[in-house]
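Read off the chains here:
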Amino acid sequence: MQLDGFDVVVVGAGFFGMTIAERVANELGRKVCVLDRRAHIGGNAYSEIDPDSGIEVHRYGTHIFHTNSETVWRYLQRFTEFTSYRHRVFTVARGRLYSMPINLATISAAFGRAMTPQEARLLIAAEADAHVHACGASAAQNLEDKAIASVGRTLYELLIRGYTQKQWQTEPSELSADIIGRLPVRLNFDDRYFADRYEGMPVDGYTAIFQRMLNSANIELHLGVDYFDIEDQIRPDQLVIYTGPIDRFFRYRCGELGWRTVDFAREVHDVADFQGTSVINYADADVPFTRIHEFRHLHPERDYREPKTTIYREYSRFAGRDDEPYYPINTAADRAILSGYRMMMEKRPNIIFGGRLGSYKYLDMHQAIGAALKTFGNEVTAFLVGQQMPSPAAMAG
């Protein structure tokens, strides 16, 4: 393939890359090429019909769209309508079922008695204070400290520690505190997983969104193409939006960043309902998988008549170079390596690094879209109209 005729080359057909591609083509009228080494569009949000059950499944695990951003919500509504789905999750721990995220029902069940909000608050505060006094910690230094400060030692040991060890393949005391910040704790009986203003499932599935983005403009798509096989074609006057792993881009010259990947074991069962809800987590460290996804529950409005259901058991592990990286682990050692790559980014003014892998940040779908819209309005537009583009170090803050 030849890249000579394109103003912008987008590497990765996920939400960050495709949002910028769509905006560049439709808003600026520039020629855009999107590459992806996978055989499909959509990145990790890709959905498809399971051939054995007829149910739409998410190949890379359950994806729920939610956001507080009116800008992101309105943008995505150009390409899809949404259902009124509200996500609810449960966790199995020591043979019992608990509502997640942690709410007053979870706390009461864990301690074996009904509690008022004030009783639960005082109990958690007492356990958090005991942890501070025992460890001498004055603030939440890591995920373990943050979790115990938020929910106390009892709930941490029951619902968070084992699950976190499996999910991140790292001791919670070595993980960044901001990871646990995504899990809300409520001293009421609200059992919604997300509290955002907007939430729902795309009516026709996620893949349809990306296909409509492509169809809305003159965007050339090439699947099964690895950027590193054709990067020698890139000219300095071409803008590249790179959404792959940063360390691979720079040939691991500063070291390998820590990534987590997941494996899925697919099962089709001859029942109409396997577990009664879309996602159940398994918190015990001796259970090898982290959760079970049952996709039919994501679209209760659909008439799945066949008495069959598809589930995925999810297993987490470290990612090697040949694996698909999902999430940055982001230890102190990783952040030191990342600082080296950021200095190298400054020497590549025609490359914009973005998305979860390209920025080495955990991003939900709405955050990836929001970042893409901001990047388009600033760095992308500035480059394409010939203005000086801010350095990657400045963009990183």
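Rules used in this analysis
- Residues numbered from 1 in each chain as written.
- Predicted model: local features only at pLDDT ≥ 70, side-chain atom pairs only at ≥ 80, totals over all residues.
- Heavy atoms only, no water.
- Helix = DSSP H or I, 4+ residues; strand = E, 2+ residues; numbered from the N terminus.
- Rg over C-alpha atoms; globule rule 2.2 N^0.38 Å.
- Buried < 20%, exposed > 50% of the residue type's maximum accessible area, 1.4 Å probe, protein only.
- Contact = heavy atoms within 4.5 Å.
- Core = buried A, V, L, I, M, F, W, Y, C linked by side-chain atoms within 4.5 Å.
- Expected span 1.5 Å × (residues − 1).
- Arc of directions from axis to C-beta.
- Polar contact = N/O pair within 3.5 Å; in protein donor to acceptor, adjacent residues only side chain to side chain.
- Salt bridge = Lys/Arg side-chain N within 4 Å of Asp/Glu carboxyl O.
- Pairing = 2+ DSSP bridges.
- Axes fitted to C-alpha atoms, helices over the stretch in contact; angles between N-to-C directions.
- Parallel < 35°, antiparallel > 145°, perpendicular 65-115°, else oblique.
- Nonpolar A, V, L, I, M, F, W, Y, C, P; charged D, E, K, R; others polar.
- Phe/Tyr/Trp six-rings, centres within 6.5 Å; stacked < 30°, edge-to-face > 60°.
- Lys NZ or Arg CZ within 6 Å of the ring centre and 35° of its normal.

1. A look at the overall build of the chain
When helices and strands are tallied, the chain shows twelve helices and 16 strands. The C-alpha radius of gyration computed for the chain amounts to 22 Å, which stays within 12% of the reference 21 Å derived for 397 residues, consistent with globular compactness. Overall, the chain is about 70 × 55 × 40 Å in size when its C-alpha atoms are taken along their principal axes. Residue burial in the chain is summarised as follows: out of 397 residues, 56% are buried. Within the chain, residue pairs in contact and separated by at least 24 positions form 75% of the contacts whose partners lie at least 6 positions apart.

2. Describing the nonpolar core
Grouped together as the largest cluster of nonpolar side chains are 61 residues, with contacts concentrated most on Leu159, Ile160, Tyr227 and Tyr242. It is helix H5 (residues 143-168) that provides the largest number of residues to this core, a total of eleven residues. For Tyr227, the residues in contact, after removing those within four places along its chain, are Val11, Leu35, Ile234, Val240, Tyr242, Phe249 and Ile351. Counting 51 residues, the second largest nonpolar core, distinct from the first, contains Val10, Phe295, Ile352 and Ala368.

3. Here we look at helix H9 (residues 332-345)
At 3.6 residues per turn, the α-helix brings residues three or four places apart onto the same side. In a regular helix each residue adds 1.5 Å, so 14 residues correspond to 20 Å; H9 covers 20 Å between its end C-alpha atoms and thus fits that length. Looking at H9, one finds that the buried residues are Asp334, Ile337, Leu338, Gly340, Tyr341, Met344 and Met345. The buried residues of H9 occupy one face: seen down the axis, they fall within an arc of 155 degrees. Projecting away from the buried face of H9 at angles above 90 degrees are the exposed residues Ala332 and Met343.

4. Describing the side chain of His66
Assignment of secondary structure puts His66 in strand S5 (residues 65-67). The exposure class of His66 is buried, given its relative accessible area of 6%. Within the structure, His66 has its side chain in polar contact with the side chain of Asp196 (distance 2.5 Å). Residues contacting His66, with those up to four places away along its chain left out, are Phe194, Asp196, Tyr198, Glu199, Asp364 and His366.

5. Considerations on the side chain of Arg38
Tracing the chain through its elements places Arg38 in the loop between strand S2 (32-36) and strand S3 (47-49). You can call Arg38 buried: its relative accessible area is 12%. Among the polar contacts made by the side chain of Arg38, one reaches the main-chain carbonyl oxygen of Gly43 at a distance of 3.1 Å. In this structure Arg38 touches Gly43, Asn44, Tyr60, Leu223, Gly224 and Glu324, once residues within four positions along its chain are discounted.

6. Concerning the pattern of salt bridges
What the rule picks out here adds up to 26 salt bridges. A salt bridge links Arg317 to Asp323; the shortest N-O distance between them is 2.9 Å. A single salt-bridge network, built from bridges that share partners, covers Asp4, Arg235 and Asp237.

7. Concerning the sheet that holds strand S13 (residues 291-294)
One open sheet holds the seven strands; their spatial order is S7-S6-S12-S13-S14-S11-S15, and the pairing between them is mixed. Two strands in the sheet have a free side with no partner beyond their single neighbour: strand S7 (96-100) and strand S15 (327-328). In the sheet, strand S6 (residues 89-93) pairs with strand S12 (residues 279-282) via four bridges, with the strands oriented parallel. The residue bridging Val89 from the neighbouring strand is Val279, located in S12. Strand contacts of H5: S6, S7, strand S11 (259-269), S12, S13, strand S14 (309-318) and S15, with the helix running at about 75 degrees to S14, the strand carrying the most contacts.

8. Quick word on the packing of helix H3 (residues 104-111) against H5
Following both chains from N to C, one finds H3 and H5 inclined at 95 degrees, their axes separated by 11 Å at the closest point. Between H3 and H5, the angle falls in the class roughly perpendicular. On the side of H3, the interface is formed by Thr106, Ile107, Ala110 and Phe111, while H5 contributes Thr154, Leu155, Leu158 and Leu159. Class assignment for the residues of the contact of H3 with H5 results in six nonpolar, two polar and no charged.

9. Quick word on the packing of aromatic side chains
Summed over all chains, the structure comprises 27 aromatic pairs. When the ring of Tyr227 is compared with that of Phe228, the centres are 5.5 Å apart and the planes differ by 75 degrees; the resulting orientation is edge-to-face. Residues Phe249 and Phe353 carry aromatic rings whose centres are separated by 5.0 Å and whose planes lie at 85 degrees to one another, so their mutual orientation is edge-to-face. One end of the pair, Phe249, is in helix H8 (residues 246-249); the other, Phe353, is in strand S16 (residues 351-353), with 104 residues separating them in the sequence. Its relative accessible area of 3% is what places Phe249 among the buried residues. On the accessibility criterion, Phe353 (10% relative accessible area) is buried. Taken together through their ring pairs, the aromatic side chains of Tyr227, Phe228, Tyr242, Phe249, Phe250, Tyr341 and Phe353 make up a single cluster. The cationic tip of Arg321 hangs over the ring face of Tyr252; the distance from NZ or CZ to the ring centre is 3.8 Å. Directly above the ring of Tyr362 sits Arg356, whose terminal nitrogen or CZ lies 4.5 Å from the centroid.

Any functional reading would require information that these geometric values do not contain.
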